[in-house]
Amino acid sequence: MNSLVLPLTAIVVFAFAYRYYIAFVATKVARVDPSRPVPSVTQADGRDFVKTNKYVLFGHHFAAISASGPLIGPVLAAQFGYLPGALWILFGAALGGAVHDFIILFASVRHGAAPLSEIARREIGPVAHKAATAAILFITTLLLAGLAIVVVNTLAHSPWGTFTVAMTIPAALLFGLYMYRIRPGRVVEGSLIGVALILIAVFTGPWLVKSQFASWFTLQPKTLALMLPVYGFIAATLPVWLLLCPRDYLSTYMKIGTVVLLVVGVAIVHPKILMPAVTPFVNGTGPVLPGMKVFPFCFIVIACGAISGFHALIGSGTTPRMVPNEGSIKFIGAGAMLVEGVVAIMALVAATTLHPADYYLINGVPKAVAALGIQPAQLHELTRLVGEETLQGRTGGAVSLAVGMANILRQIPGMGHLMAYWYHFAIMFEAVFILTALDTGTRVARYLFQDVARHVWAPLGSTTNWASVSAVGAIVCVAWGYLAVTGSIETIWPLFGVSNQLLAVIALAVGTSFILRQRPAPYALVTLVPLAFLTVSTMTAGVLNTFRYLSPAYVADKGATVAYIDGALSVILIFLVGLVLIDSVRRWAYILAERRRGVVNIPAVARDPDHGGPAPVAEVAG
């Protein structure tokens, strides 16, 4: 099949979803009110609550939610063929992910930029609040450690990537100072300066690799693993307008620009998709995801490319504190998710245009590949062209994605000699893509920990006190930094996908409660339907994973300690999410009973602890 079919289909499907379905959710279900005061105005503090231009905020939000999922997930899911992953990305993002992101961001704005766990307390009840808090704190720490390990593995021994990532920091600082202090509100001017600096860093990279300065940026994995928490601490504590938001915004230009370049490359070259629509490995016998069947694991592995619980942390973390008005929530929340869907489709295209044998040899577990007797097709030539010693057994998806992207771009007329350049560019692109989620996630984790810490000692909850912000920020960075330094992708990643989707289950349950309390029951189907599907698939995956962790084969491979810890944590996560679901059903039954009694205004379960008033209540129509 011509590979151009997939991106064109994605663009058409997502455009229709945004124009009609998301517009319906925004106007009829949520009933956004652009004139209503938002937290960035009512709680402005110059640090976290800062009214931000919607295009700059879109850049921040997109960069924050776009982590490893839309890049790595579709590549790994290509083991099942191109069709299962493509269908899940298209329909999952349009009907699930975009709605999930929009509703959580909207609900957080209406609740004064409250985090997801606090919205659960107000909309569902204390049991859901405690269970959601415990699950979210654990999942967040796990997700950040997983993202950090991916960044470490990507940037290790890569001076070009490390240099470019490092240069985004001074560029962001300059952009922040320019837009908020030197020339307030001059977004275009600041963008031109910031983007120019980023491009200079990108194109200086190849020269740096061959210069005497290369050793400065050629870092060992352990060194990077120690440096990332330090950067995370700085990003989590400085005012959001100074580093975090500008860096994410500027990085978005490179992210979207690279994806557009890849789309153009596919349009010019239109390579064939060589992977079958469905492979024999849908039964779980594949070498890339051993023991994982297409259901339920296709919906777990792809993660952020279709729907992601991590997005709920950003949508109830940094972004609602900067939303300029409710009218921009559709563009920022749903729009960013749909663009991420296009990213996922392009990652799938890059993987499936490789010869299947080469794809399996790069991504497959060496023992599993050897057992299947797979022989290389073009792998030796690809290895020579990218300048690597070997590409075989480079598991995890990142290397095969870079090879696939480079193989497409080098076929553009006049670029045949640039295969190695595009390969290393893609590696750097992946690192920048993922790191922007790490810094924002750290700041969100700081919010979550402060929300819990204030119940232990009130001053720790202050977001305006430097000492409180620094103390809690340090605790967060030490927590995920310790896992990143001492763990590995093998010990952290097994729980990453399922825990991320379980977080989405919590978010959709909270969103359903939020809608059901304020709008006629049929409107709640926009979140209830994806919630039902995701609950079945993710809980099934969680149970299957638990049995896999405790199996003799897994214990022998990973060791008893790792296996039993993975198994115990999996059980705990399933139990906590189950509590949230049970409490949600109880709350829904109560709301529907009140409706039958003719009650129009159903109050929230709890009040806003910061302002002493009830959570916003809307009159039910119909």
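Details of the structure are given in the entry above.
Residues numbered from 1 in each chain as written. Predicted model: local features only at pLDDT ≥ 70, side-chain atom pairs only at ≥ 80, totals over all residues. Heavy atoms only, no water.

Before going further, it helps to spend a moment on the overall build of the chain. A count of helical and extended segments in the chain gives 24 helices and zero strands. When the 622 residues of the chain are sorted by exposure, 61% land in the buried category. Averaged over its 39 positive side-chain charges, the chain has a centre that lies 5 Å from the centre of its 25 negative ones. (Helix = DSSP H or I, 4+ residues; strand = E, 2+ residues; numbered from the N terminus. Buried < 20%, exposed > 50% of the residue type's maximum accessible area, 1.4 Å probe, protein only. Lys, Arg positive; Asp, Glu negative; His and termini not counted. Charge placed at Lys NZ, Arg CZ, Asp CG, Glu CD.)

On the surface, Leu-83, Leu-87, Phe-91, Leu-95 and Val-278 cluster together into a nonpolar patch covering about 440 Å² of accessible area. With respect to the secondary-structure elements, Leu-95 resides in helix H5 (residues 82-110). (Patch = residues over 30% accessible without salt bridge, like charges linked within 9 Å, V, L, I, M, F, W, Y side chains within 5 Å. Areas by Shrake-Rupley, 256 points an atom, 1.4 Å probe, with all protein chains shown as cover. Salt bridge = Lys/Arg side-chain N within 4 Å of Asp/Glu carboxyl O.)

All right, on to the packing of aromatic side chains then. By the definition in use, this model includes 23 aromatic pairs. A centroid spacing of 5.3 Å and a plane angle of 80 degrees characterise the contact between Phe-163 and Phe-217, whose relative ring orientation is edge-to-face. With a gap of 54 residues between them, Phe-163 in helix H8 (residues 159-182) and Phe-217 in the loop between helix H9 (187-209) and helix H10 (221-237) connect regions that are remote in the sequence. An identical accessibility class is assigned to Phe-163 and Phe-217; each is buried. On the basis of an interplanar angle of 55 degrees and a centroid distance of 5.3 Å, the ring pair of Tyr-549 and Tyr-554 is categorised as tilted. For the pair shown, Tyr-549 and Tyr-554 are each scored as buried. An aromatic cluster of at least three residues, connected via ring pairs, comprises Tyr-55, Phe-58, Phe-62 and Phe-331. Directly above the ring of Trp-466 sits Arg-47, whose terminal nitrogen or CZ lies 4.2 Å from the centroid. Stacked on the ring of Tyr-18, the Lys or Arg Lys-330 has its end atom at 4.4 Å from the ring centre. (Phe/Tyr/Trp six-rings, centres within 6.5 Å; stacked < 30°, edge-to-face > 60°. Lys NZ or Arg CZ within 6 Å of the ring centre and 35° of its normal.)

Turning our attention to unusual backbone geometry. The omega torsion across Phe-295 and Pro-296 is 10 degrees, close enough to zero to call that bond cis. Tracing the backbone through its elements, the reader meets Pro-296 in helix H12 (residues 294-301). In this structure, His-270 takes a positive phi of about 35 degrees despite not being glycine. Locating His-270 in the fold gives a position in the loop between helix H11 (244-269) and H12. Note on His-270: relative accessible area 41%, which makes it partly exposed. At Ala-303, a position not held by glycine, the phi torsion is positive, near 50 degrees. Summarising the element assignment, Ala-303 is placed in the loop between H12 and helix H13 (309-315). The exposure class of Ala-303 is buried, given its relative accessible area of 5%.

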